[in-house]
Amino acid sequence: MLLSLLAEAAQAASYQWAFFGAANGAGEAAIGAAVGIGKIASSATESVARQPEAAGDIRGVTIITAAFIEGVCLFAVVVCLLIGLNLGSAIEALKAVGG
């Protein structure tokens, strides 16, 4: 009996690492997007300072690129949340089967 309780506790601890991994992935995706958009804004500001007549073109490209980065970040966060939220139901299904 004690051995089965220890095995169940070890299995629960490994699932906690899976939840941590999903949350960590979402956080890293958001931080990566923030760094990328910051570099885009920095480069755009420097470009406009060097060539003010191209400000309109640079602004357009900057907005489109930032939107693509935000889209990828949103996709990554949603995937991590789906993994984290569906992991609990997968664990319950495995317990019901006897695995």
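Higher on the page you've got the structure.
Parameters and conventions
Residues numbered from 1 in each chain as written. Predicted model: local features only at pLDDT ≥ 70, side-chain atom pairs only at ≥ 80, totals over all residues. Heavy atoms only, no water. Helix = DSSP H or I, 4+ residues; strand = E, 2+ residues; numbered from the N terminus. Buried < 20%, exposed > 50% of the residue type's maximum accessible area, 1.4 Å probe, protein only. Areas by Shrake-Rupley, 256 points an atom, 1.4 Å probe, with all protein chains shown as cover. Disulfide = S-S within 2.5 Å. Salt bridge = Lys/Arg side-chain N within 4 Å of Asp/Glu carboxyl O. Patch = residues over 30% accessible without salt bridge, like charges linked within 9 Å, V, L, I, M, F, W, Y side chains within 5 Å.

**Student:** How should I be thinking about the overall build of the protein in this particular structure?
**Tutor:** Secondary structure assignment for the protein yields 2 helices and 0 strands. Going through the 99 residues of the protein one by one, you find that 16% of them count as buried. In the form shown here, the protein has an accessible surface area of approximately 7,200 Å², with 72% of it arising from carbon and sulfur atoms.

**Student:** Would you explain the state of the cysteines in this entry?
**Tutor:** All told, the structure shown has 0 disulfides when counted by the stated rule. Among the cysteines around Cys73, which has no disulfide bond, Cys80 carries the closest sulfur, lying 9.6 Å off. Overall, Cys80 belongs to the buried group, its relative accessible area being 15%.

**Student:** Would you mind showing me how to read the pattern of salt bridges here?
**Tutor:** Working definition: two side chains of opposite charge can pair if their charged atoms are close together. What the rule picks out here adds up to 1 salt bridge. Glu46 serves as the salt-bridge partner of Arg50, at 3.0 Å between the closest nitrogen and oxygen. Of this pair, Arg50 and Glu46 are both found in helix α1 (residues 2-50), 4 residues apart, which corresponds to roughly one turn of the helix. The class for Arg50 is exposed, based on a relative accessible area of 68%.

**Student:** Whenever I open this one, a nonpolar patch on the surface confuses me. Can you help?
**Tutor:** A contiguous nonpolar patch, built from Leu74, Val78 and Leu82 and spanning about 270 Å² of accessible area, is present on the exposed surface. Within the secondary structure, Leu74 is located in helix α2 (residues 55-97).

**Student:** Would you take a moment to explain the environment of Cys80 for this structure?
**Tutor:** Here Cys80 is to be found in helix α2. Counting along the chain gives 53 residues from Cys80 to Gly27, while the straight-line C-alpha distance between them is 9.3 Å.

Function-wise, these values are silent; they only describe arrangement.
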